[in-house]
Amino acid sequence: MPMRRPPRSDRPDTAATGIEPALGTRDRLHARLQEHLASAVSEFTAATALVVLVIALSFASPNFLTADNLFNIGSQTAVIAIIAVAQTMVIITKGIDLSVGSVAALAGVVGAIVVRDLGFSVWEATVVAIAVGAAAGLANGLLVAGARLPPFIATLGMMSAGRGLVFIITGAVGVYSLPESFQLLGNGQIAGIPFAIVITAIVAVSAAFMLSQSRFGQYVYAMGSNMEAARRSGIAVRRNLTAVYVLAGALVGLGGMVAASRVNSGQPNYGIGLELDVIAAAVIGGASLFGGQGRIAGTLIGAFLIAVVRNGSVLLGINIHYQQVIVGLIIWAAVYFDQYRRRRLEARG
Amino acid sequence: MSTVEGADPPVLEARGIVKRFGHVEALRGADFAVHRGEVVALIGDNGAGKSTLIKVLSGAQPHDEGEILIGGRPERFSSPVDARRAGVETVYQDLAVADDLSVAANLYLGREIMLGGLGGLLGLLDKRAMRRGAAEALEQLGVRIPRVTTPIAMLSGGQRQSVAVARAVIWATSVVILDEPTAALGVVQTQRVLEVVDRARDAGMSVVLVSHNMPQVLEIADRVEVMRLGRRTARFRAADATTDDLVAAMTGALVTEPEDADLR
């Protein structure tokens, strides 16, 4: 990878004099890498860890590197990956969304109910689930951007309220007796590829493109990097920040629908602790809890790293509780690395 | 210069500005003026009202009485966005750059160049055009940075300050206000920033410079306006003034309000 260290700025400033002209016909990949250098470093590290792990598991277990097992990992990771994409956008704005598990459950349950009781098709139900997620996201966004609650608190409230709503709606009983077609998103296939993987790919590619190429994406990074600077630059911070939470909520709704579809039912207990997995995926992939940094590619790598650790543990017969410990260690390492990087950058400024 | 008095109104003028915070009058009828292509230093002791005046001029705080004129036309700023629309750009002490964004992205923040056609309708950025524009603008202002794609966080303090100043100079159509632009910088870095100010003036831009550094003020400014107790109490041509004069004016030992014509 063409990843040179940037010139050190604690050298006397005159050292910059002889440096190449500000812009040449430098290849665009390099330019893009430069822009997100810090994220790229974490991404590279996480990707290396993932590759090493995949190679090691391929030798350790004959069942690992099979199409069935890989599709299995892909489908299992799909929900976490979709919701981790949502979480990444929020984290880049220096926010956090603790409500993803509750909102996913709410969306999945509502999606199941409209199919069972109102005869909606699975597609119509998906739209409803996305709308439910977006509505929860709108509430989060108004609380954060409008009422100026810290994101942690705003979404902690939604985590509790959302879960409560799920139990009220369902009477704490799962929503069953769904038609076979309900399984399409979670267990269906398209040209031999699990539908869930296709959805995840579409979500991830669109989100990555939006973040890196659109003005809205630029504002997402700008707000997370320096909210005051964004405001003074004339960016409509309140509107844009709310939009981030709405968009994230919509993706969480979609993820919740895929999750319900996988088990062909709406489960009121779904997604408890899910926020930890998706935050971990984002952070391992280079998203910074201090805002301003994070990329979808990294988040996907993070999500798959966690999934492969879990899958590998199962194949190798490692006690299930050790998986949690391993994931915990990875999170510590990732956040430590993030802070170390930040401190070094600040020491330069 | 021997322009006829009145033929060329100041690009930015404040008349009798009053600003109260509760019972405290921070500005008590403050006047201020800067003409085209002129660097005016605004100095005064702590609490003299410099910062408040700057905030009023940059739209960050509304004033209670008095008027602001841009090119002779009265304007009312209710936000920094209004001031920017009127051509007044401000670099605050805390810089307000987005550290994680590239130099190019910061220069165009809030004023992005969009792709033409369908891409533009989809809200897509023309990053290439912005990189090119940023590189050209920085080149013209003599700001040296490794690459326009470098995140601001990776620059030195002087480079960051230069980029912030450049950003203001690029977008300002009439006046750039710099609040203590070199307070935190070393000698070499300070020179770099002052060079940018020089080039901006050469390009016909007007610059308002708030500073505590008297030798620097006399070196870079064309004129000096001194504030004391919420009012302008003295004006000098930098070429005629000494550090002692400035200090005397700041402490109230000297009061001088010469005619406009004598200053130009």
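Procedures and definitions
- For every chain, the first residue of the written sequence is number 1, and numbering continues from 1 along that sequence.
- Both sets of labels track the order of writing: A upward for chains, 1 upward for ligands.
- Restriction of local features to residues with pLDDT of at least 70 applies here, the model being predicted, together with a cutoff of 80 or more for giving and counting side-chain atom pairs; totals for whole chains, interfaces and linings are based on all residues.
- Water and hydrogen atoms play no part in the side-chain values, which are based on all heavy atoms of the structure.
- Here a helix means four or more residues in a row that DSSP labels H or I, a strand means two or more in a row labelled E, and each is numbered from the N terminus.
- With the radius of gyration taken over C-alpha atoms, the globule rule is written as 2.2 Å times the number of residues to the power 0.38.
- In this scheme, a residue with accessible area under 20% of its type's maximum is buried, one over 50% is exposed, and one in between is partly exposed, where area comes from a 1.4 Å probe on protein chains only.
- Contacts were defined at the residue level, with two residues in contact if any of their heavy atoms lie within 4.5 Å.
- A 1.4 Å probe and the Shrake-Rupley method give the accessible areas. Residues count as covered only by the protein chains that appear here.
- Residues grouped as a nonpolar core are buried Ala, Val, Leu, Ile, Met, Phe, Trp, Tyr and Cys residues, joined through side-chain atoms within 4.5 Å.
- At least two DSSP bridges between two strands are required for those strands to pair.
- Where helices are involved, their axes are fitted lines through C-alpha atoms of the stretch in contact, as for all axes, and angles between N-to-C directions lie from 0 to 180°.
- Working definition: a ring pair exists when centres of Phe, Tyr or Trp rings (six-membered ring for Trp) sit within 6.5 Å. Plane angles under 30 degrees give stacked, over 60 give edge-to-face, the rest tilted.
- Lysine NZ or arginine CZ positioned within 6 Å of the ring centre and within 35 degrees of the ring normal marks a charge as sitting over the ring.
- A helix is expected to span 1.5 Å multiplied by its residue count minus one.
- Patches in this entry comprise residues that are over 30% relatively accessible and not in a salt bridge; like charges within 9 Å are linked, as are nonpolar side chains (Val, Leu, Ile, Met, Phe, Trp, Tyr) within 5 Å.
- The term salt bridge refers to a side-chain nitrogen of Lys or Arg lying within 4 Å of a carboxyl oxygen of Asp or Glu.
- Two N or O atoms count as a polar contact when they lie within 3.5 Å, although within protein this holds only if one can serve as hydrogen donor and the other as acceptor, and sequence-adjacent residues are included solely when both atoms are side-chain atoms.

(A) Main features of the overall build of chain B. When its secondary structure is counted, chain B shows nine helices and ten strands. For 264 residues, the compact-globule estimate of 2.2 N^0.38 gives 18 Å, and the C-alpha radius of gyration of chain B, at 19 Å, lies within 12% of that figure. Within chain B, the proportion of its 264 residues that are buried is 58%. Across chain B, contacts joining residues at least 24 apart in sequence account for 64% of those joining residues at least 6 apart. Of the roughly 10800 Å² that chain B leaves accessible, carbon and sulfur atoms contribute 49%.

(B) Spatial organisation of the overall build of chain A. On a plain count of helices and strands, chain A comes out with 14 helices and two strands. The proportion of buried residues among the 349 residues of chain A is 53%. A sequence separation of at least 24 residues applies to 80% of the contacts in chain A between residues at least 6 apart. About 15300 Å² of surface is accessible on chain A, with carbon and sulfur atoms providing 66% of the total.

(C) Local environment of the nonpolar core. Membership of the largest hydrophobic core comes to 97 residues, with the highest contact counts inside it found for Ile-83, Ile-199 and Leu-211 of chain A. Among the elements that make up this core, the one with the highest residue count is helix α3 (residues 67–92) of chain A (14 residues).

(D) Region of interest: the sheet that holds strand β2 (residues 24–34) of chain B. Residue and element names in this part refer to chain B. Reading across the sheet, the four strands line up as β2-β1-β4-β5 and stay open at both edges, with antiparallel pairing between neighbours. Taken across any chain shown, the strands that pair with only one partner, and hence form the sheet edges, are β2 and β5 (73–75). Pairs of neighbouring strands in the sheet enclose a mean axial angle of 30 degrees, with direction left out of account. Here strand β1 (residues 12–21) runs beside β2; their pairing, made up of eight bridges, is antiparallel. Looking at β2, one finds that Leu-12 is bridged to Val-34. Across the sheet, helix α1 (residues 50–57) touches β1, β2 and β4 (65–70), and the angle it forms with β2 is around 65 degrees.

(E) Region of interest: the packing of aromatic side chains. Counted by the stated rule, this structure contains two aromatic pairs over all chains. Geometrically, the ring pair formed by Trp-123 of chain A and Phe-195 of chain A is tilted, given 6.1 Å between the ring centres and 55 degrees between the ring planes. Of this pair, Trp-123 of chain A sits in helix α5 (residues 122–146) while Phe-195 of chain A sits in helix α8 (residues 195–213), and the two are 72 residues apart along the sequence. For Phe-195 of chain A, a relative accessible area of 14% puts it in the buried group. Ring centres of Tyr-108 of chain B and Trp-171 of chain B lie 5.7 Å apart, and the angle between their planes is 80 degrees; on these two criteria the pair is classed as edge-to-face. Note that Tyr-108 of chain B is positioned in the loop between α3 (103–107) and α4 (117–121) and Trp-171 of chain B in helix α6 (residues 157–171), a separation of 63 residues in sequence. It is Arg-232 of chain A that lies over the ring of Tyr-92 of chain B; its NZ or CZ is 4.1 Å from the centre.

(F) Geometry of α5 of chain A. Taking 1.5 Å per residue as the helical rise, α5 of chain A with its 25 residues ought to reach 36 Å, and the 35 Å between its terminal C-alpha atoms agrees with that figure. A positive backbone phi angle near 60 degrees is found at Arg-148 of chain A, which sits one or two residues after α5 of chain A.

(G) Seen up close, helix α5 (residues 127–141) of chain B. Residue and element names in this part refer to chain B. With 15 residues, α5 extends 21 Å from end C-alpha to end C-alpha; this agrees with the ideal 21 Å at 1.5 Å per step. Of all the positions in α5, only Lys-127, Ala-129, Met-130, Arg-131, Gly-133, Ala-134, Ala-135, Ala-137, Leu-138 and Leu-141 are classed as buried. Gly-142 occupies a position one or two residues after α5 and carries a positive phi of about 70 degrees.

(H) Focus on a nonpolar patch on the surface. Together, Leu-316, Ile-318, Tyr-322, Val-325, Ile-326, Leu-329 and Trp-332 of chain A make up an exposed nonpolar region whose accessible area comes to about 710 Å². Relative to the elements of secondary structure, Tyr-322 of chain A occurs in helix α14 (residues 320–348).

(I) Local environment of the sheet that holds strand β7 (residues 175–179) of chain B. All names here are of chain B. Strand order across the open sheet formed by six strands is β6-β7-β8-β3-β9-β10, with mixed pairing between neighbours. Looking at which strands have only one partner, the edges of the open sheet turn out to be β6 (88–91) and β10 (231–237). Between one strand axis and the next, the sheet turns by 20 degrees as a mean value, whatever way the strands run. Where strand β9 (residues 223–228) lies against β10, six bridges are found, and the strand directions are antiparallel. Within the sheet, the bridge partner assigned to Val-224 lies in β10 and is Phe-236.

(J) Representation of the side chain of Gln-213 of chain A. Tracing the backbone shows Gln-213 of chain A in helix α8. Of the polar contacts made by the side chain of Gln-213 of chain A, one reaches the side chain of Ser-212 of chain A; its length is 3.4 Å.

(K) Summary view of the side chain of Ser-58 of chain B. All names here are of chain B. Position of Ser-58 relative to the elements: it lies in the loop between α1 and β4. A polar contact is formed between the side chain of Ser-58 and the backbone oxygen of Lys-55, at a distance of 3.3 Å. Residues contacting Ser-58, with those up to four places away along its chain left out, are Ser-79, Pro-80, Ala-83, Thr-90, Tyr-92 and Ile-177.

(L) Main features of the environment of Ala-105 of chain B. Relative to the helices and strands, Ala-105 of chain B resides in helix α3. Distance in space between the C-alpha atoms of Ala-105 of chain B and Val-56 of chain B is 28 Å, their sequence separation being 49 residues.

(M) Layout of the pattern of salt bridges. Residue and element names in this part refer to chain B. Going through the model one piece at a time under the given rule, you end up with 21 salt bridges over all chains. The residue Arg-15 makes a salt bridge to Glu-67 at a minimum N-O spacing of 3.5 Å. Here Glu-67 lies in strand β4 and Arg-15 lies in strand β1, a separation of 52 residues in the sequence.

(N) Looking closely at the environment of Val-308 of chain A. All names here are of chain A. Along the chain, Val-308 turns up in helix α13 (residues 296–315). On the accessibility criterion, Val-308 (4% relative accessible area) is buried. Residues Val-308 and Thr-77 lie 231 residues apart in sequence; the distance between their C-alpha atoms is 9.2 Å.

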